[in-house]
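# Structure assessment
Residues per chain are reported as follows:
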Amino acid sequence: MFVVTAATGHLGRLVVDALLEKVPADQVAVVVRNEAKAADLAARGVTVRVADYGAPEGLASAFGTGDRVLFISGTDAGQRVPQHTAVVEAAKAAGVGLLAYTSVLGGPAATFTLADDHRATEEVITASGVPYTLLRNGWYHENYTEQLAPVLEHGAVVASAGDGRVASASRADYAAAAVAVLTGEGHEGKAYELSGDTAWSLAEYAAELSRQTGREISYTPVTPEEHLAILTGAGLPEPFAAILVDVDTSGIARGLLADTSGDLARLIGRPTTPLADAIAVALKAA
């Protein structure tokens, strides 16, 4: 079986859709916390397995011997390392054929806060003896294009990343890479640095928004303290806002999300989606 965890999330659904284009539905299983949210997948012939990263006793039924598993990282800040460890232990006990984990671009070299749990999880995976592939995903276009409303309202892209550059790609690109690894051969024991073909600056992002909207949109760099105040003022919890600010200051500003080595394009067999295309799609949906 080809198994996708967290399959009702943004990335998981794209992976399942792409997987069903390559293999029969009766060879696909999903692991979800809420069975009702996967009803549409069950209707397509996909096997639904209910398990929660935070409930280790229920993970025993999540995997089967020989399964090729895409392990999408959890979202529970502060709990991810024990939760991820429980998933790896369940995969090992089941005897899975491959465990592909969605990590972070740079792996051990990623020294911003958001990467801490990923580095720790990689260590757990590589020490487990389970056949693995590390999918070190970079930034998604959607991290920006799904937040266009305040940018368009104020005519400004506000961030604390300085002149740093981002080699982002679309979620669909990363989903395609995951499917290529799950359904392909020769990926065991490898770590792929996945990122877009082109690195861009936030000033260039603002310029592209201006071009496509016909409006004056500028990039306004702010201090980390100002950025944190803006995010919390918009309603984000302070711990999460602090992580986002740290990505800007400790990650993007230092070039840690600007890698253009080409692993993603090679895995999916085509160029990655240009940022301009993602902006165009988001503007149509806005």
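See the structure shown above.
Okay, so let's go over this structure. (Residues numbered from 1 in each chain as written. Predicted model: local features only at pLDDT ≥ 70, side-chain atom pairs only at ≥ 80, totals over all residues. Heavy atoms only, no water.)

For Asn137, the position within the fold is in strand β6 (residues 132–137). Among residues more than four places away in sequence, those in contact with Asn137 are Leu11, Thr102, Ser103, Val104, Leu105, Tyr174 and Leu194. (Helix = DSSP H or I, 4+ residues; strand = E, 2+ residues; numbered from the N terminus. Contact = heavy atoms within 4.5 Å.)

Grouped together as the largest cluster of nonpolar side chains are 35 residues, with contacts concentrated most on Val4, Val15, Leu19, Leu70, Leu135 and Leu194. Only β1 (2–5), α1 (10–20), β2 (28–32), β5 (98–104), α7 (171–183), β9 (190–194) and α11 (263–268) provide two or more residues apiece to this core. Take this core: its biggest share by element is seven residues, from α7. Among residues more than four places away in sequence, those in contact with Val15 are Val4, Leu70, Ala175, Ala178 and Val179. In this structure, Ala110, Leu148, Trp200 and Tyr219 belong to the second largest nonpolar core, which totals 27 residues. (Core = buried A, V, L, I, M, F, W, Y, C linked by side-chain atoms within 4.5 Å. Buried < 20%, exposed > 50% of the residue type's maximum accessible area, 1.4 Å probe, protein only.)

Structurally, Gly12 can be placed in helix α1. Judged by relative accessible area, which is 2%, Gly12 ranks as buried. A C-alpha to C-alpha distance of 9.9 Å links Gly12 and Val31, two positions 19 residues apart in sequence.

A few words on the packing of helix α9 (residues 224–233) against helix α10 (residues 238–252). Axis angle and axis distance: for two packed helices, these are the angle between their axes and the distance between the axes, and together they describe the pair. Running from N to C, α9 and α10 point in directions that differ by 140°, and their axes come no closer than 9 Å. By the criterion of interaxial angle, the relationship of α9 to α10 is oblique. α9 and α10 meet at a crossing whose hand is right-handed. Residues Pro224, His227, Leu228, Leu231 and Thr232 of α9 touch α10, and the partners they reach there are Glu238, Ala241, Ala242, Leu244, Val245, Asp248 and Thr249. Looking at the contact of α9 with α10, its residues break down into seven nonpolar, three polar and two charged. (Axes fitted to C-alpha atoms, helices over the stretch in contact; angles between N-to-C directions. Parallel < 35°, antiparallel > 145°, perpendicular 65-115°, else oblique. Left-handed = near helix turned anticlockwise from the far one by under 90°. Nonpolar A, V, L, I, M, F, W, Y, C, P; charged D, E, K, R; others polar.)

What follows covers the packing of aromatic side chains. Tallied over the full model, the rule gives six aromatic pairs. Between the aromatic rings of Tyr53 and Phe71, the centroid separation amounts to 5.5 Å while the plane-to-plane angle is 90°, which identifies the pairing as edge-to-face. Of this pair, Tyr53 sits in the loop between β3 (47–50) and β4 (68–71) while Phe71 sits in strand β4; the two residues are 18 residues apart in sequence, bridging distant segments of the chain. The exposure class assigned to Tyr53 is buried, which follows from its relative accessible area of 11%. Taking relative accessible area as the criterion, Phe71 reaches 0% and is therefore assigned buried. (Phe/Tyr/Trp six-rings, centres within 6.5 Å; stacked < 30°, edge-to-face > 60°.)

Before going further, it helps to spend a moment on α10. The end-to-end C-alpha distance of α10 is 20 Å, a good match for the 21 Å that 15 residues give at a rise of 1.5 Å each. At Asp246, α10 is deflected by roughly 25°, the largest bend along its length. Taken residue by residue, α10 has Ala241, Val245, Asp246, Val247, Asp248, Ser250, Gly251 and Ile252 as its buried positions. Those residues of α10 that are buried lie in contact with α5 (142–145), β7 (156–159), β8 (165–166) and α9. (Expected span 1.5 Å × (residues − 1). Bend = angle between axes of the 7 residues up to and from the residue.)

Our focus in this paragraph is the sheet that holds β3. One open sheet accounts for seven strands, arranged β3-β2-β1-β4-β5-β6-β9; its pairing is parallel. Of all strands in the sheet, those bounded by a partner on one side alone are β3 and β9. Here the average twist between neighbouring strands, direction ignored, is 20°. Sheet topology note: the β4/β5 ladder contains four bridges and is parallel. (Pairing = 2+ DSSP bridges.)

This brings us to the pattern of salt bridges. Evaluation of the coordinates by the stated rule reveals 13 salt bridges. With a closest N to O distance of 2.8 Å, Arg13 and Asp40 form a salt bridge. Taken together, the positions of Arg13 in helix α1 and Asp40 in helix α2 (residues 39–43) put the pair 27 residues apart, joining distant regions of the chain. Using a relative accessible area of 25% as the deciding quantity, one classes Arg13 as partly exposed. Here Glu204 ties to Arg165 by a salt bridge, and the two come within 2.8 Å at their closest N and O atoms. Here Arg165 lies in strand β8 and Glu204 lies in helix α8 (residues 202–213), a separation of 39 residues in the sequence. Residue Arg165 is classed as partly exposed on the basis of its relative accessible area of 33%. (Salt bridge = Lys/Arg side-chain N within 4 Å of Asp/Glu carboxyl O.)

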